[in-house]
Amino acid sequence: MKMANAVKYDPKSALADEFMNDAEIVSVLEKAKELAKDEAYVESLIDKAAGYGGLSHREAAVLTYVEEPRLLEKIYAVARDIKSHIYGKRIVLFAPIYVSDYCVNECVYCGYHHSCDMKRKRLTMDELRQEVDVLEKMGHKRLALEAGEDPQNCPIEYILECLDTIYKHSSENGEIRRVNVNIAATTVENYRKLKEAGIGTYILFQETYHKETYLKVHPKGPKHNYEYHTTAHDRAMEAGIDDVGIGVLYGLYDWHYDLTASFMYAEHLEAVHGVGPHTISVPRIKPANGVDLSLYRPITDDEFKRIVAITRLAVPYTGIIISTREDAGFREELISLGVSQTSAGSSTGVGGYADGTQRPQFEVADHRTPLEVTKSLMREGYIPSFCTACYRSGRTGDRFMSLAKAGQICNVCQPNALLTLKEYSVGYGDEEFRKMADAVIAREVENIPNEKIRVKTREYLQRIENGETDFRF
Ligand code: SF4
Ligand code: SF4
């Protein structure tokens, strides 16, 4: 009798079922459960990750089943060390900007799903300028543009118009210097248009890599097409977008599965395009309008810490992003374990900064302003950064990755963080903020290892004090 051909795991394949092979994940997780009982083996994996070279998805899967408190502490300690080795003390801040909540999809976990009873809105260019104005007055330089999927009400031309409007708008002492884009999976042609419009990172969350669950939680609309969605980053990279961001919505399916799958996805991007994900976002499911949370298995804080730390061990070069879905205290704990970017002062509704009457996509747990967030980061010993230098200096894709992998990106992150902190302090800080920032800057400028850069940083800091802006390395 002829057997049906089983789908084989192949990280280089262009087919989602092959590079995101379910049989591979299931068998890796089965073995991982057993291997996690071997403490010596687990220790050898943690030691390997401590060398900053990352872990394969098979190795990282083992760490997801570690329960021994001593080994968990070791994982956390190594995560902290990797974070500080690759990125230093800087934490990059950004804000989301929702431009349209029209959506033809029925994602069951999202407050914007199509059948949801709500008045929809798309910003006019005047309204968008008002939003950007508010964000610029908060001191933001880096935005993540968000929109639901609706080819009629929110076509690619509208997104391009938004990008053009944002980049052209400046107010008093502010301008947006980098816009990352989080829109639905689209064609190579449309990704080319985004690239030409000067986007930073193209971000698309997979939500879950587990196909059966994916099809269930995306019952209708174009997002139901698992293959098309799962190969979106390939098309973006084919179109010349160097930096792509990925993410799982933790809680939709077993986190061991999705975390391991996200490492397989990173390996796929490296194998095919030579560059892994620029960022990995780690949202977890939260209450939203019309969403029945009892259908899911929400992730505990303890599991969430493991997700962040193991990601840091497995993919050390990637930026890890958390949002204001997490409350202030817990966000700081996650930052110490490996998070390198966070949103601040966020609104998750269309027009939410200037107006605030439109329904948000999800509930925000951290309501602090960017000023409060930056102060608290400084108190914790971090350098809040509004840096956008890499993207503007062409340090993207493999140019960025080679520096990050060699642990050299912090040589530019640190001075750039200090320069943007100074600019923020002069432009937006109150008296307490300026005192704190000056103390951080005076201390950290001495920790810039390269003397030439240290001298140049001091010169730039003085010029910022005198009213000039926008210096970078
Ligand atoms: Fe639409 Fe995105 Fe919400 Fe899905 S997650 S319903 S695509 S806005
Ligand atoms: Fe990010 Fe590059 Fe700035 Fe570092 S120097 S914060 S990697 S943009």
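1. Some details on the pattern of salt bridges
If you walk through the whole model with that rule in mind, you get 39 salt bridges. Taking the shortest distance from any N to any O, the salt bridge between Lys-405 and Glu-270 comes out at 3.0 Å. Placement of the pair is Lys-405 in helix α17 (residues 397–405) and Glu-270 in helix α12 (residues 255–273), with a sequence separation of 135 residues. According to the relative accessible area criterion, Glu-270 is partly exposed, its value standing at 28%. Note that Arg-443 and Glu-444 form a salt bridge whose closest N and O atoms lie 3.2 Å from each other. On the basis of relative accessibility, which here comes to 42%, the residue Arg-443 falls in the partly exposed class. One salt-bridge network, in which partners are shared between bridges, spans Glu-39, Glu-43, Asp-47, Arg-70 and Lys-74.

2. Some points on α12
Given a rise of 1.5 Å per residue, 19 residues ought to cover 27 Å, and the 26 Å separating the end C-alpha atoms of α12 matches this to within 8%. Along α12, 14 of the 19 residues are buried, which leaves the element largely enclosed by surrounding structure. Directly beyond the C-terminal end of α12, a positive phi value near 80° is found at Gly-274.

3. Here's the deal with the layout of surface pockets
One number sums up the size of the largest pocket: a volume of about 260 Å³. Lining the largest pocket are 16 residues, and of these Glu-149, Pro-151, Cys-154, Ala-185 and Thr-186 sit closest to its centre. Partitioning the lining of the largest pocket into residue classes produces eleven nonpolar, three polar and two charged. When its volume is computed, the second largest pocket comes out at roughly 230 Å³. Gly-53, Leu-55, Glu-270, Ala-314 and Tyr-317 are the residues nearest the centre of the second largest pocket, which is lined by 13 residues in total. Residue classes in the lining of the second largest pocket are distributed as eight nonpolar, two polar and three charged. Split by domain, the lining of the second largest pocket shows at least three residues from each of two domains, domain 1 (28–83) and domain 2 (87–368).

4. Quick look at the side chain of Glu-59
Looking at the secondary structure, you find Glu-59 in helix α4 (residues 57–63). With a relative accessible area of 14%, Glu-59 lands in the buried category. Setting aside residues up to four positions removed in sequence, Glu-59 forms contacts with Tyr-41, Leu-45 and Lys-48.

5. Description of the site of ligand 2
Around ligand 2, a shell composed of Arg-90, Val-92, Arg-142, Cys-387, Ala-389, Cys-390, Arg-395, Phe-400, Ile-409, Val-412, Cys-413 and Asn-416 is seen. Comparing atom positions with the cavity grids shows ligand 2 to sit within the second largest cavity. Of all the secondary structure elements, the ones that give two or more residues to the shell around ligand 2 are β1 (90–100), α16 (389–392) and α18 (410–428). Each of domain 2 (87–368) and domain 3 (406–465) accounts for three or more of the residues forming the shell around ligand 2.

6. Describing unusual backbone geometry
Residue Tyr-52 is not a glycine yet carries a positive backbone phi of 70°. Relative to the elements of secondary structure, Tyr-52 occurs in the loop between α3 (39–49) and α4. Residue Tyr-52 is classed as partly exposed on the basis of its relative accessible area, which comes to 24%. The phi dihedral of Asp-470 falls on the positive side, at around 65°, and the residue is not glycine. Summarising the element assignment, Asp-470 is placed in the segment after α20 (451–465). According to the relative accessible area criterion, Asp-470 is partly exposed, its value standing at 25%.

7. With respect to the environment of Gly-111
Locating Gly-111 in the fold gives a position in the loop between β1 and α6 (125–138). A C-alpha to C-alpha distance of 10 Å links Gly-111 and Lys-286, two positions 175 residues apart in sequence.

8. Regarding the packing of helix α2 (residues 22–35) against α12
Contact geometry of α2 with α12 gives a least axis separation of 10 Å together with a crossing angle of 120°. For the element pair α2 / α12, the angle class is oblique. Between α2 and α12 lies a crossing whose hand is right-handed. Note on element contacts: α12 touches α2 through His-256, Tyr-257, Thr-260, Ala-261 and Met-264, opposite Asp-22, Glu-24, Ile-25, Val-26, Val-28 and Leu-29. Per-class residue counts for the contact of α2 with α12 are seven nonpolar, two polar and two charged.

9. Focus: the packing of α3 against helix α5 (residues 69–87)
Interhelical geometry of α3 versus α5 gives an angle of 10° and a closest axis separation of 10 Å. If you check the angle between α3 and α5, you find them roughly parallel. Packed against α3, whose contacting residues are Glu-39, Val-42, Glu-43, Ile-46, Asp-47 and Ala-49, the element α5 presents Arg-70, Leu-71, Lys-74, Ile-75, Val-78 and Ile-82 at the interface. Looking at the contact of α3 with α5, its residues break down into seven nonpolar, no polar and five charged.

10. What to know about empty space enclosed by the protein
Where empty space is left in the structure can be found by rolling a water-sized probe over the atoms. Summed over all chains, the structure comprises five cavities of 30 Å³ or more. Estimates place the volume of the second largest cavity at around 220 Å³. As for the second largest cavity, its lining consists of 21 residues, and the residues nearest its centre are Arg-90, Val-92, Arg-142, Cys-390 and Phe-400. The biggest single contributor to the lining of the second largest cavity is α18, with three residues. For the lining of the second largest cavity, the class distribution of residues is nine nonpolar, eight polar and four charged. Residue assignment places the lining of the second largest cavity across two domains, with domain 2 (87–368) and domain 3 (406–465) each supplying three or more.

Rules used throughout
- Residues numbered from 1 in each chain as written.
- Chains lettered and ligands numbered in written order.
- Predicted model: local features only at pLDDT ≥ 70, side-chain atom pairs only at ≥ 80, totals over all residues.
- Heavy atoms only, no water.
- Salt bridge = Lys/Arg side-chain N within 4 Å of Asp/Glu carboxyl O.
- Helix = DSSP H or I, 4+ residues; strand = E, 2+ residues; numbered from the N terminus.
- Buried < 20%, exposed > 50% of the residue type's maximum accessible area, 1.4 Å probe, protein only.
- Expected span 1.5 Å × (residues − 1).
- 1 Å grid on protein atoms, 1.4 Å probe; cavity = no way out; pocket = protein on both sides within 12 Å on 5 of 7 lines; lining within 4 Å.
- Points joined across faces, edges and corners; volume = space filled by probe spheres on them.
- Nonpolar A, V, L, I, M, F, W, Y, C, P; charged D, E, K, R; others polar.
- Domains from an automatic or database assignment.
- Contact = heavy atoms within 4.5 Å.
- Near = heavy atom within 4 Å.
- Sits in = over half its atoms within 2 Å of the grid points.
- Axes fitted to C-alpha atoms, helices over the stretch in contact; angles between N-to-C directions.
- Parallel < 35°, antiparallel > 145°, perpendicular 65-115°, else oblique.
- Left-handed = near helix turned anticlockwise from the far one by under 90°.

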